Structures are given as C-alpha cells and as structure tokens.
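# Coordinates in review
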Amino acid sequence: MTKRANVQPALEPVKKTKTALVLELLQREGGATLAELVNATGWLPHTTRAALTGLRKKGHTIDRSKRDDATCYCAAKAV
C-alpha cells in the first residue's frame, strides 16, 4: 500500500463578470466614457447604459461629467 501525497485540487480561476469590469473601469482615475465601456464589454450602448442603471439600483453612486465631447462616468471606490 502506498501513501498518497496531500494534493490540493486546482482552484478554478475566478471569472470576472462584465458588470465587475464596468465597475472597475468606473472606479479608475478619470472614470470611463460610454465608448470605453462598450469597447471593454462588447455590449451595445443601450445595454451599457442599462448596466449603469443597474449599478445605481444596487446602491453605487455614479457621477457624470464631460471629457471633451463625451460623457464620462465615475463611481466612488468601495471602502
């Protein structure tokens, strides 16, 4: 009879959701424009705006400002 080494099962890499990606982009310095969010997620603009609304409904504060001619969205980092 041979002893087996204590082998830990390989952990699955944590998959980042697109919503988490959007929140990460919103929390970076300067936030993100709608075009940047669309490019990062592959969503259509109306879907991206709906995701922003969903984040607001979950309690995130999302501010809007202008960067050049584009609307820029920013979210405060969680404490």
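Residues numbered from 1 in each chain as written. Predicted model: local features only at pLDDT ≥ 70, side-chain atom pairs only at ≥ 80, totals over all residues. Heavy atoms only, no water.

### Considering the environment of Leu21
Keep this limit in mind: Helix numbers and strand numbers start at the N terminus; a helix is a DSSP run of H or I with at least 4 residues, a strand a run of E with at least 2. Think of it in three bands: residues with accessible area under 20% of the maximum for their type are buried, residues over 50% are exposed, and the middle band is partly exposed, with areas taken using a 1.4 Å probe on protein chains only. Only heavy atoms enter the contact rule, under which two residues are in contact if any of them lie within 4.5 Å.
Take Leu21: it is sitting in helix H1 (residues 18–27). Residue class for Leu21 comes out partly exposed when judged on its relative accessible area of 22%. Taking the C-alpha atoms as reference, Leu21 lies 8.8 Å from Leu37; in sequence the two are 16 residues apart. With residues near it in sequence (within four places) discarded, Leu21 still touches Lys16 and Ala40.

### Regarding the pattern of salt bridges
What counts is decided by this rule: Salt bridge criterion: a side-chain nitrogen from Lys or Arg within 4 Å of a carboxyl oxygen from Asp or Glu.
Per the counting criterion, the structure on display carries three salt bridges. For Lys16, the salt bridge goes to Glu24, with nearest N and O atoms at 2.5 Å. The shortest N-O distance in the salt bridge between Arg28 and Glu36 comes to 2.9 Å. One network of salt bridges, with partners in common, ties together Arg28, Glu36 and Arg67.

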